[in-house]
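The residues making up each chain are set out below.
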Amino acid sequence: INIIYYNNSGTAFQPMVGDLDNNGANEIVVFSKDNLIIFNKDLEVIAKQKLGYLRGQFDIENMDNEPYLEMIAVVNNSEGKDTFKIIEFDGTQLKTETSFDVTGQGGYSDIRCIDFDNDNVKECIFRDFNAIVHAYQINATNQFDDGLNINISDATDGVYTSTLNLVPSFVDFDRDN
């Protein structure tokens, strides 16, 4: 915990818990300063990687139906670019599975991942500060692989910006899966 306390940044957004490496024990995932840090149940650091500053709430999901869970986030890297990343932890190392520039999407991206269209492939969905909703699957390679790109702005003049982080939520209201 000292690694978080002494860097003067605390945590960025909500920490998350999941059995990332499929070993039967949950790990704690924290973004602090520009680092992704994974702790075991005894709060010992088991993995750490400098990724960039988190731009919104990240998510944990099994994106590729392999044994390991992925961490999905948009981070602002050392070059000042916003990058959509899918990172996997196999118990020994962190591996970036997907990474591409999304700088033109207005920053600050709170993500939720779900099989939104029932095609057995999960999409990661987020709203940017320009009120555009984006969706990416694990096989996305650039920002143009966006499956939605829908403007949800309620502004009549078409100009809308927001400085609020809004994490998407999903529920099957009509129970049609």
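Data block above holds the structure.
None of the values given here were measured: they were computed from a predicted structure. (Residues numbered from 1 in each chain as written. Predicted model: local features only at pLDDT ≥ 70, side-chain atom pairs only at ≥ 80, totals over all residues. Heavy atoms only, no water.)

1. Describing the nonpolar core
The nonpolar side chains of soluble globular proteins are, as a tendency, buried together.
Stage number 1. If you look at the biggest cluster of nonpolar residues, it comprises 17 residues, and the most contacted ones within it are Phe31, Leu36, Phe58, Met71 and Leu94.
Stage number 2. Put simply, the parts of the chain that give this core at least two residues each are β2 (27-32), β3 (35-39), β7 (70-76) and β8 (82-89).
Stage number 3. With 3 residues, β7 is the single largest residue contributor to this core.
Stage number 4. Counting 14 residues, the second largest nonpolar core, distinct from the first, contains Met63, Val74, Cys124 and Ile138. (Core = buried A, V, L, I, M, F, W, Y, C linked by side-chain atoms within 4.5 Å. Buried < 20%, exposed > 50% of the residue type's maximum accessible area, 1.4 Å probe, protein only. Helix = DSSP H or I, 4+ residues; strand = E, 2+ residues; numbered from the N terminus.)

2. Quick look at the side chain of Asp115
Stage number 1. Looking at the secondary structure, you find Asp115 in the loop between β10 (110-114) and β11 (123-127).
Stage number 2. For the buried Asp115, no salt bridge exists, and the shortest N-O distance to an oppositely charged side chain is 7.7 Å, to Lys122.
Stage number 3. Of the polar contacts made by the side chain of Asp115, one reaches the backbone nitrogen of Asp119; its length is 3.1 Å.
Stage number 4. A polar contact is formed between the side chain of Asp115 and the backbone nitrogen of Asn120, at a distance of 2.9 Å.
Stage number 5. Contacts of Asp115, omitting those with residues within four sequence positions, involve Asn120, Val121, Lys122 and Glu123. (Lys, Arg positive; Asp, Glu negative; His and termini not counted. Salt bridge = Lys/Arg side-chain N within 4 Å of Asp/Glu carboxyl O. Polar contact = N/O pair within 3.5 Å; in protein donor to acceptor, adjacent residues only side chain to side chain. Contact = heavy atoms within 4.5 Å.)

3. Description of the pairing of β11
Stage number 1. Most of β11 is tucked away, with 5 of its 5 residues classed as buried.
Stage number 2. Alternating positions in β11 separate into two faces, Glu123, Ile125 and Arg127 on one and Cys124 and Phe126 on the other, with burial throughout.
Stage number 3. Where β10 lies against β11, 5 bridges are found, and the strand directions are antiparallel. Each bridged residue has a counterpart across the sheet, and for Arg112 the counterpart in β11 is Ile125.
Stage number 4. With 4 bridges connecting them, β11 and strand β12 (residues 132-136) associate as antiparallel partners. By the bridge assignment for β12, Phe126 is matched with His134. (Pairing = 2+ DSSP bridges.)

4. Looking at the sheet that holds β2
Stage number 1. With antiparallel pairing, the 4 strands of this open sheet are ordered in space as β1-β2-β3-β4. Bordering the open sheet on either side are β1 (16-18) and β4 (45-50), each of which pairs with just one other strand. Neighbour-to-neighbour, the strand axes of the sheet open up by a mean angle of 20°, direction not taken into account.
Stage number 2. Here 5 bridges tie β2 to β3, and the two strands are oriented antiparallel to one another. By the bridge assignment, Phe31 is partnered in β3 with Leu36. (Axes fitted to C-alpha atoms, helices over the stretch in contact; angles between N-to-C directions.)

5. Thoughts on unusual backbone geometry
Stage number 1. Of note, the phi angle at Leu43 is positive, near 65°, even though the residue is not glycine.
Stage number 2. Checked against the element boundaries, Leu43 lands in the loop between β3 and β4.
Stage number 3. With relative accessibility at 39%, the residue Leu43 sits in the partly exposed group.
Stage number 4. Positive phi, close to 65°, is recorded for Asn120, a residue that is not glycine.
Stage number 5. Structurally, Asn120 is set in the loop between β10 and β11.

6. Describing the environment of Val45
Stage number 1. With respect to the helices and strands, the residue Val45 is situated in strand β4.
Stage number 2. Along the primary structure Val45 and Ile28 are separated by 17 residues, whereas in three dimensions their C-alpha atoms are 9.4 Å apart.

7. Digging into the pairing of β4
Stage number 1. The sheet contact formed by β3 and β4 spans 5 bridges and is antiparallel. Each residue of the ladder has a partner; that of Ile38, found in β4, is Ala47.
Stage number 2. The antiparallel pairing of β3 with β4 creates a hairpin that spans 5 residues between the two strands, and Leu43 there sits at a positive phi of about 65°.

Purely geometric stuff here, so don't read any function into it on its own.
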